[in-house]
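Now for the letters of each chain:
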2 protein chains.
Amino acid sequence: MAKTTVQSLEELFEKREYRALREVFSQMNNIDLARLLEELPTERAVLAFRTLPKDAEMDVFAELDAETQHHIIAGMSEKEVAAVMEDLAVDDAVDMLEELPATLVKKVLKLASPETRAQINQFLRYPEDSAGSIMTAEFTDLHSMLVEDAIKRIRRVGEDRETIYTCYVMDDQRHLDGVVTVKDLLLAQDGEKVENLMEPDVISVQTTSDQEEAVRIMVKYDLISLPVVDGENRLVGIVTVDDAVDVLREEDTEDFEIMNAMAPSERPYLKTGVFTLARNRFGWLLILMVSAMFTGSILGHYEPIYVTLPLLVTFIPMLTGTGGNAGSQSSTMIIRGIALGEVRLGDFFTVLWKEMRISVLVGVVLAIVNFVRMLIFYPGSGLVSLTVSLALVGAVLFAKVIGGTLPILAKACRLDPALLAAPVITTVVDALTLVLYFNLARVLLL
Amino acid sequence: MAKTTVQSLEELFEKREYRALREVFSQMNNIDLARLLEELPTERAVLAFRTLPKDAEMDVFAELDAETQHHIIAGMSEKEVAAVMEDLAVDDAVDMLEELPATLVKKVLKLASPETRAQINQFLRYPEDSAGSIMTAEFTDLHSMLVEDAIKRIRRVGEDRETIYTCYVMDDQRHLDGVVTVKDLLLAQDGEKVENLMEPDVISVQTTSDQEEAVRIMVKYDLISLPVVDGENRLVGIVTVDDAVDVLREEDTEDFEIMNAMAPSERPYLKTGVFTLARNRFGWLLILMVSAMFTGSILGHYEPIYVTLPLLVTFIPMLTGTGGNAGSQSSTMIIRGIALGEVRLGDFFTVLWKEMRISVLVGVVLAIVNFVRMLIFYPGSGLVSLTVSLALVGAVLFAKVIGGTLPILAKACRLDPALLAAPVITTVVDALTLVLYFNLARVLLL
């Protein structure tokens, strides 16, 4: 499979060889086609989309990024738009609408059939980041029936369903009664009842559940689809594993960004403008700069000490740096543990006690290394070495205790634990460490 | 589904009510059972395992952590161990063997049948973190045949297969010819040939491919299983989506840990001992402490300057802090972009140019805020304010350029980009910033 690139198509576009283009496209995977269309200049992309084989059109469209979808929709006749709305899966249609400009949304919605419009409106009401917002309505439903009838039904309706591999058994009021896999059905004898094969204890989430919760359950139980029910246990959709994986990656990316003092963004780095990137980064940098000024003003209080003993200044980067690194180690492990569902609120004191012991181990060994090094490089400064070494133990202790426990407290206050990560903790730890350092110096050295 | 806890079972164990226990277990999901067994004291866990319904035994065993598996295996008769080895999927057996003590591995392998042993030995040879090491050999294979025969074959062999939903079509030499889903087969007419339904352009990886590469492909193409072939394109296994998701989470966790100056670990925080945690954190803290000492000794060179103008010292935390945060923002975005396959080596200059422009925007605005604040709080120190503000722009520029490009260079040198993240970059940026700061001070203030 040679890679088809934008450049290799340029000549075909120039010469308007649409038949050859269609030939190239028909050899390609839908997802590669979507990525290719996104890279083409707007007009070419619209043209290329019209050249796609009919059966691939909607699958490629659903995969496109919002911008390219927008351009293609804008260039369509009303009839074409109406057809797109009917052919797209409801969740894909909703994803598109959420990104389109409001005026275009109105126009597009008017062109959809009343049933489609009702379904879309229903989906649009689910809160952002809820299970409802990432589910699809195209699941395979079965009822009380024989295995062979179930297989017949799957053969009849399967084409339009997102997945046929897990089927949901419902009663007349659409209450979720059980779940059965195609594997179970295929491996069963004809004449067997679906009710006898299905698993009645269905693992499900509500439309309003957090999407992270839904994904965590899917990962824990190795599910390839998860049913989403409303308040009355009526099945309204499923989350499929491919969408769950996307959520997983987005949530992890968001944690990486928030933990490193950025406003989270959903667009890839290379596709985000310089101004947006700068804006996402500016806010936290400003807040942290201002708080570091306070740390600085604390330092100002001890001016008489470091003017008398200027050597003390040269150990500040080492003390604050080590505190910062020690703190980010702890906060990272705890934030990640919370995200993976391994660390809970109830573990607060376990974490506190564990981090205290780790601090003592790590802090004391680092302090000994530092003490010996200072004795060698600054001979005769035994008391200064002691001051710096003691402050070092304090820095590691402050950092690990605060770094380990603050994310749990944040979680308890329903804040994002990642918010109170390294940069915020560093600022606090820096201040504490400097106060300790210069007070030790005052007692031991002056 | 009421949660079954270790405590709620205590009484049943005390009274030796094994029938009641078996009743409780038969109501539970295999994965919940595995988590429960892991939490029980060793003897109880072995007892509970023997109480499990026969059909759940192996599925629960495959889900257990290495420690609990070890205890249960150790308490088994040779005949029981032999049965376990035959019933476990090869990849699960291999995962277990990799964690067992060497003496036990020898004993266990001797008890396996020659065929199983040969397969296990084959799997054990795949390099760690390769696609071969995470694949399973239990895939559904089809050959040149009619649809109805294919379905019959699936019904016959499906029970033992990890997934039947994607079937692989092979020729007599086990070369991978195509892929066909059960959905395609079910929706097709009887009498149709499998060769006409299958997709001949199969997306696959090699046994030696990196597991991250395999997972990236699965995520990109929304696959629920990915074929793994040997050097001659012979199908040897598949990676299933549930294992891929586990790899994804592990890789992300590893990135979080490495980026925050820790040796990566595979065990959850709460299950890791204090000494192991301390050891994982100590190495980088030591390296970074020593490099921060060099930063400190740079500071020592400028002692005459800050003894003359001690006010300068109070801005050091703000300058190095802002540099550190600005750098970790950039390195995080690029490291994450590389992990997601969005940023490549070829993007080096794009990233460089983008980060330079972001630095100027962010740096200049921060510098203005700082300049105004200093004019207010330190009236009459216009030149000091200017010095600090100019150094601030420099800090942000150094940080973002180095933070954005070093991870790409690391990737080019086949190092883990996450290694050169925030802590390492901070040390370099700190040193550069301080040199700039005091040289500006020398020129502008002395």
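Definitions and limits used
Residues numbered from 1 in each chain as written. Chains lettered and ligands numbered in written order. Predicted model: local features only at pLDDT ≥ 70, side-chain atom pairs only at ≥ 80, totals over all residues. Heavy atoms only, no water. 1 Å grid on protein atoms, 1.4 Å probe; cavity = no way out; pocket = protein on both sides within 12 Å on 5 of 7 lines; lining within 4 Å. Points joined across faces, edges and corners; volume = space filled by probe spheres on them. Helix = DSSP H or I, 4+ residues; strand = E, 2+ residues; numbered from the N terminus. Nonpolar A, V, L, I, M, F, W, Y, C, P; charged D, E, K, R; others polar. Contact = heavy atoms within 4.5 Å. Buried area = accessible area lost by both parts, 1.4 Å probe. Salt bridge = Lys/Arg side-chain N within 4 Å of Asp/Glu carboxyl O. Polar contact = N/O pair within 3.5 Å; in protein donor to acceptor, adjacent residues only side chain to side chain. Buried < 20%, exposed > 50% of the residue type's maximum accessible area, 1.4 Å probe, protein only. Pairing = 2+ DSSP bridges. Axes fitted to C-alpha atoms, helices over the stretch in contact; angles between N-to-C directions. Phe/Tyr/Trp six-rings, centres within 6.5 Å; stacked < 30°, edge-to-face > 60°. Lys NZ or Arg CZ within 6 Å of the ring centre and 35° of its normal. Least-squares fit on C-alpha atoms with pLDDT ≥ 70 in both. Patch = residues over 30% accessible without salt bridge, like charges linked within 9 Å, V, L, I, M, F, W, Y side chains within 5 Å. Areas by Shrake-Rupley, 256 points an atom, 1.4 Å probe, with all protein chains shown as cover. Lys, Arg positive; Asp, Glu negative; His and termini not counted. Charge placed at Lys NZ, Arg CZ, Asp CG, Glu CD.

1. Here's the deal with empty space enclosed by the protein
Now for step 1: The full count for this structure, using the stated rule, is seven cavities of 30 Å³ or more.
Now for step 2: Counted as a void, the largest cavity has a volume near 590 Å³.
Now for step 3: Surrounding the largest cavity, 36 residues form its lining, G321(A), G324(A), T426(A), G324(B) and T426(B) being those nearest its centre.
Now for step 4: Of all the secondary structure elements, the ones that give two or more residues to the lining of the largest cavity are α17 (274–301), α19 (316–339) and α22 (422–445) of chain A together with α17 (274–301), α19 (316–339) and α22 (422–445) of chain B.
Now for step 5: Space inside the second largest cavity adds up to approximately 110 Å³.
Now for step 6: Around the second largest cavity sit 13 residues that line it, and V245(A), M218(B), V219(B), L223(B) and V241(B) are the ones nearest its centre.
Now for step 7: Broken down by element, the residue count for the lining of the second largest cavity peaks at four residues, all from helix α16 (residues 241–259) of chain B.
Now for step 8: Split into classes, the residues belonging to the lining of the second largest cavity amount to eleven nonpolar, no polar and two charged.

2. Details of the interface of chain A and chain B
Now for step 1: Tallying the contact residues gives 110 residues for chain A and 108 residues for chain B.
Now for step 2: A combined buried area of about 10,300 Å² lies between chain A and chain B, and 69% of that area is made up of carbon and sulfur atoms.
Now for step 3: Of all residues in chain A, the largest losses of buried area upon contact with chain B belong to R249(A), F256(A) and Y269(A), amounting jointly to 8% of the total for that side.
Now for step 4: Seen at the junction of chain A and chain B, the total is eight salt bridges.
Now for step 5: Between E355(A) and R281(B) there is a salt bridge, with its nearest N and O atoms 2.9 Å apart.
Now for step 6: For the interface between chain A and chain B, the tally reads 32 residue pairs in polar contact (both at pLDDT 80 or more).
Now for step 7: Considering each element in turn, the side of chain A that touches chain B owes the most residues, 16 residues, to α17(A).
Now for step 8: Taken together, the residues that form the side of chain A that touches chain B break down as 61 nonpolar, 20 polar and 29 charged.

3. Some remarks on the environment of L52(B)
All names here are of chain B.
Now for step 1: Along the chain, the position of L52 falls in the loop between α4 (42–51) and α5 (54–63).
Now for step 2: For L52, a relative accessible area of 1% puts it in the buried group.
Now for step 3: Linking L52 and L33, residues 19 residues apart in sequence, is a C-alpha distance of 9.1 Å.
Now for step 4: Ignoring sequence-local partners within four residues, the contact set of L52 consists of R22, F25, L33, E57 and V60.

4. What about the sheet that holds strand β4 (residues 205–206) of chain A?
Residues and elements named next belong to chain A.
Now for step 1: If you walk across this open sheet you meet the three strands as β4-β5-β6, and the pairing is mixed. In this open sheet, the two edge strands, each paired with only one partner strand, are β4 and β6 (235–240).
Now for step 2: When strand β5 (residues 225–229) meets β6, the two strands line up antiparallel, connected through five bridges. Within β6, the position partnered with V229 by the bridge is L235.
Now for step 3: Across the sheet, helix α15 (residues 211–220) is in contact with β4, β5 and β6; its angle to β5 comes to roughly 140°.

5. Re the packing of aromatic side chains
Now for step 1: Taken as a whole, this structure holds 18 aromatic pairs over all chains when the rule is applied.
Now for step 2: Residues F139(A) and Y168(A) carry aromatic rings whose centres are separated by 6.4 Å and whose planes lie at 85° to one another, so their mutual orientation is edge-to-face. Of the two residues, F139(A) is situated in the loop between α11 (131–134) and β1 (140–142) and Y168(A) in strand β2 (residues 166–170); the sequence distance between them amounts to 29 residues.
Now for step 3: Residue classification places F139(A) among the buried positions, given a relative accessible area of 5%.
Now for step 4: A residue is classified by how much of its surface remains accessible, and Y168(A), at 0% relative accessible area, is buried.
Now for step 5: Here a set of aromatic residues connected by ring pairs shows up, and it is made of Y302(A), Y306(A), Y437(A) and F438(A).
Now for step 6: Above the plane of the ring of F377(A) lies R373(A), whose end atom (NZ or CZ) is 5.1 Å from the centre.
Now for step 7: Between K354(B) and the ring centre of Y269(A), over which it is positioned, the NZ or CZ distance is 5.3 Å.

6. Observations concerning the relation of the copies chain A and chain B
Now for step 1: Once turned by 180° and shifted 0.0 Å along the axis, chain A lies on chain B with an RMSD of 0.1 Å. Look at the turn and shift together and you get a two-fold axis relating the two. Taking the C-alpha atom as reference, chain A places V307(A) closest to the rotation axis, 2.9 Å from it.

7. Remarks on a negative patch on the surface
Residues and elements named next belong to chain A.
Now for step 1: Taken together, the side chains of D95, E98, E99, E128, D129, D210, E212, D246, E250 and E266 define an acidic patch exposed on the protein surface.
Now for step 2: Elements represented by at least two residues in the negative patch include exactly α8 (90–99) and α16 (241–259).
Now for step 3: Of the residues forming the negative patch, the biggest block, three residues, is contributed by α8.
Now for step 4: The topology assignment puts D95 in helix α8.
Now for step 5: Given a relative accessible area of 39%, D95 falls into the partly exposed group.

8. Digging into unusual backbone geometry
Residue and element names in this part refer to chain B.
Now for step 1: Of note, the phi angle at R16 is positive, near 55°, even though the residue is not glycine.
Now for step 2: Checked against the element boundaries, R16 lands in the loop between α1 (6–14) and α2 (18–26).
Now for step 3: Overall, the relative accessible area of 61% leaves R16 in the exposed class.
Now for step 4: One non-glycine residue, A261, adopts positive backbone phi at about 65°.
Now for step 5: Of the residues examined, A261 reaches a relative accessible area of 2% and is grouped as buried.

9. Focus: the sheet that holds strand β4 (residues 205–206) of chain B
All names here are of chain B.
Now for step 1: Taken together, the three strands give an open sheet; going across it, the order is β4-β5-β6, and neighbouring strands pair in mixed fashion. Edge positions in the sheet fall to β4 and β6 (235–240), since each has one partner strand and no second.
Now for step 2: Packed on one face of the sheet, helix α15 (residues 211–220) meets β4, β5 (225–229) and β6 and runs near 140° to β5.

10. Some thoughts on the layout of surface pockets
Now for step 1: By volume, the second largest pocket amounts to about 220 Å³.
Now for step 2: Around the second largest pocket, the lining residues are E148(A), I151(A), K152(A), R155(A), L186(A), D190(A), E148(B), I151(B), K152(B), R155(B), L186(B) and D190(B).
Now for step 3: At the level of secondary structure, the elements contributing two or more residues to the lining of the second largest pocket comprise α12 (147–157) of chain A together with α12 (147–157) of chain B.
Now for step 4: Its residues assigned to classes, the lining of the second largest pocket comprises four nonpolar, no polar and eight charged.

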